[in-house]
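Residues per chain are reported as follows:
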Amino acid sequence: MKKIIFILLLFSLPVVAQRATIYGIGDSTMATKKDPSVNPEFGWGQVFPQFLKETISFQNHAVNGRSTKSFMEEKRWDSIQKLLKKGDYVFIQFGHNDAKINDPKRYTNPHTSYRYNLVKFITDTRAKGAIPILFTSIARRNFNEYGVLVSTHGDYTLETRWVAKEYNVPLIDLEYLSEQLEISYGPEASKKLHLHFKKGEHPYYVEDKADDTHLSEMGALEIANRAVKELKKLSSPECKILVNSLK
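Each residue is numbered by its place in its chain's sequence as written, counting from 1. Local features in a predicted model are, by the rule used here, given only for residues with pLDDT of at least 70; side-chain atom pairs are given and counted only at 80 or more, and totals for whole chains, interfaces and linings are based on all residues. Calculated side-chain values reflect all of the structure's heavy atoms, with hydrogen atoms and water omitted.

Draft legend 1. Structural view of the overall build of the protein chain. Secondary structure elements follow DSSP: runs of H or I no shorter than four residues count as helices, runs of E no shorter than two count as strands, and numbering proceeds from the N terminus. Within the protein chain one finds 9 helices and 9 strands. Structurally, the protein chain occupies a C-alpha span of about 85 × 40 × 35 Å along its principal axes. A distance of 9 Å separates the average location of the 35 positive side-chain charges in the protein chain from that of its 29 negative side-chain charges. This count recognises Lys and Arg as positive and Asp and Glu as negative, with His and chain-terminal groups excluded. By convention, the point assigned to a charge is CZ for Arg, NZ for Lys, CD for Glu and CG for Asp.

Printed below as a string of structure tokens:
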């Protein structure tokens, strides 16, 4: 009799919900870099977990050099789809490498294949009961001779905004946020957000380094912090778990 009562009590206990997971897919500006103890380059997705409570987990699947096309053709998206469960989130940020017009393995037309690939990420995610969130590409440090920051993304970020609107997907406009960040630092000080070192200045680089695309740890933290502030503004019910899991 006692055994029966014990079994009944077990079945009457509330079921503990499985913790939601955020999956990050994208390129090098989001990716986790090797040797973080010595490597000065960071992706904003690499530092993003610092802004999360323990109620949610983050898996960063962004990879250096990938476009929407190569990410799919390498079956990276297929492997993530298999893991997705209801209530998970997918952060989607591509564009930098889709614009590589001299590379047929990565290039996508912004208004056709790039758009199609974004839509596929969205529909596949929703088919698993998970929630997609689109991010525009971060701005490059590209100041002209007048000190004006000039965009390098062409129609890719524009297309991302259109897809977000058409498919009712939450959008974090990292291009705008990072533009404002670069401008706030100015043409010279903004080098600290990226990778600018003279020969011998940093042991990781043998020669001079002047990279205006990729981020320093400082730059990655600045971008992640601004992304979190925008994510906290999301008001749709499907984003409630995510918003409540942000520090």
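Back to the write-up after that little detour.
Draft legend 2. Fine view of the side chain of Asp 88. As for its placement among the helices and strands, Asp 88 is situated in the loop between α4 (76-81) and β4 (89-93). Throughout this description, a polar contact denotes any pair of N or O atoms lying within 3.5 Å of each other; where both atoms belong to protein, one of them has to be capable of donating a hydrogen while the other can accept it, and for residues adjacent in sequence the pair is counted only when both atoms sit in side chains. A polar atom in the side chain of Asp 88 sits 2.8 Å from the backbone nitrogen of Thr 21. At a separation of 2.8 Å, a polar atom in the side chain of Asp 88 contacts the side chain of Lys 85. When neighbours within four sequence positions are excluded, Asp 88 is seen to be in contact with Ala 20, Thr 21, Tyr 23, Leu 83, Ala 130 and Ile 131. Every residue pair with non-hydrogen atoms within 4.5 Å of one another is taken to be in contact.

Draft legend 3. Structural detail: the sheet that holds β4. Read from one edge of the open sheet, 5 strands run β3-β1-β4-β5-β6, paired in parallel fashion. What marks the edges here is a single partner per strand, and that holds for β3 (56-60) and β6 (171-172). Taken together, the 2 bridges between strand β5 (residues 131-135) and β6 define a ladder with parallel strand orientation. From the neighbouring strand, Phe 135 faces β6, where its bridge partner is Ile 172. Note: two strands are recorded as paired if DSSP finds a minimum of 2 bridges between them.

Draft legend 4. Molecular detail of the packing of helix α7 (residues 174-189) against helix α8 (residues 217-231). Axis lines are fitted through C-alpha atoms, for helices just across the contact stretch, and the angle between N-to-C directions can take any value from 0 to 180 degrees. Closest axis-to-axis distance for the α7/α8 pair is 10 Å, and the angle between their directions is 130 degrees. On the basis of their axis angle, the class for α7 and α8 is oblique. With respect to the hand of their crossing, α7 and α8 are arranged in right-handed fashion. Across from Leu 174, Leu 177, Ser 178, Leu 181 and Tyr 185 in α7, the residues of α8 making contact are Met 218, Glu 222, Ile 223, Arg 226, Ala 227 and Glu 230. Just so you know how the angles are binned, under 35 degrees is roughly parallel, over 145 roughly antiparallel, 65 to 115 roughly perpendicular, and the rest oblique. In a left-handed crossing the near helix is turned counterclockwise from the far helix by less than a right angle, and in a right-handed crossing that turn is clockwise.

Draft legend 5. Region of interest: helix α6 (residues 156-166). Relative accessibility under 20% of the residue-type maximum defines a buried residue, over 50% an exposed one, and the middle range a partly exposed one, all with a 1.4 Å probe and only protein chains included. Within α6, burial applies to Tyr 156, Thr 157, Glu 159, Thr 160, Val 163 and Ala 164. Across the axial projection of α6, the buried residues extend over an arc of 155 degrees, all falling on one side. Count one or two residues on from α6 and you reach Asn 168, which has phi positive near 55 degrees. The reported arc concerns the directions from the helix axis to the C-beta atoms and nothing else.

Draft legend 6. Structural detail: unusual backbone geometry. Here the phi dihedral of Asp 35 falls at roughly 50 degrees; this positive angle occurs in a residue that is not glycine. Relative to the elements of secondary structure, Asp 35 occurs in the loop between β1 (20-26) and β2 (41-42). Although it is not a glycine, Asn 168 adopts a positive phi angle of roughly 55 degrees. Within the secondary structure layout, Asn 168 lies in the loop between α6 and β6. The exposure class assigned to Asn 168 is exposed, which follows from its relative accessible area of 63%.

Draft legend 7. Structural context of a nonpolar patch on the surface. Taken together, the side chains of Tyr 146, Val 148 and Val 150 present a nonpolar region at the surface, about 310 Å² in accessible area. Mapped onto the elements, Val 150 comes out in the loop between β5 and α6. Since its relative accessible area comes to 36%, Val 150 is described here as partly exposed. What makes a patch is a set of residues exposed beyond 30% relative accessible area and free of salt bridges, joined within 9 Å when like-charged and within 5 Å when nonpolar (Val, Leu, Ile, Met, Phe, Trp, Tyr). Accessibility throughout is a Shrake-Rupley quantity obtained with a 1.4 Å probe, and a residue counts as covered only by protein chains that appear here. The term salt bridge refers to a side-chain nitrogen of Lys or Arg lying within 4 Å of a carboxyl oxygen of Asp or Glu.

Draft legend 8. Just the nonpolar core, in detail. Remark: nonpolar core denotes a set of buried residues (Ala, Val, Leu, Ile, Met, Phe, Trp, Tyr, Cys) joined through side-chain atoms within 4.5 Å. In terms of nonpolar packing, the biggest core is built from 36 residues, with Trp 44, Phe 48, Phe 91 and Leu 231 touching the most fellow members. For this core, the elements supplying multiple residues, two or more each, are β1, α2 (44-47), β3, β4, β5, α7, α8 and α9 (240-244). No other element matches α8, which puts 6 residues into this core. If near-sequence neighbours (up to four positions away) are discounted, Phe 91 is found in contact with Ile 22, Tyr 23, Gly 24, Ile 25, Met 30, Trp 44, Phe 48, Phe 58, Ile 133, Phe 135, Leu 231 and Leu 242. In terms of nonpolar packing, the next biggest core, distinct from the first, is built from 22 residues, Val 63, Trp 77, Val 90 and Phe 121 among them.

Draft legend 9. Fine view of the confidence of the model for the protein chain. Residues with a pLDDT of 70 or more make up 93% of the protein chain, whose mean pLDDT is 94. When mean pLDDT is compared element by element in the protein chain, β4 scores highest at 99, while helix α1 (residues 2-12) scores lowest at 44. The score called pLDDT rates the predictor's confidence residue by residue, from a low of 0 to a high of 100. Confidence drops under pLDDT 50 across residues 1-16; counting only partners more than four residues distant or on other chains, this segment forms 0 contacts.

Draft legend 10. Region of the structure containing the pairing of β5. Within β5, 5 of the 5 residues are buried, which leaves it mostly tucked inside the rest of the structure. Both faces of β5 are covered, namely the face carrying Ile 131, Ile 133 and Phe 135 and the face carrying Pro 132 and Leu 134. The sheet contact formed by β4 and β5 spans 4 bridges and is parallel. In the sheet register, Ile 92 faces β5, and the bridge partner there is Leu 134. Of the crossover connections in this fold, the one passing from β4 over helix α5 (residues 113-127) to the parallel β5 is right-handed. Consider the strands pointing away from the viewer: the crossover is right-handed when the path from the first strand over the helix to the second runs clockwise. With α6 bridging β5 and the parallel β6, this β-α-β connection has right-handed handedness.

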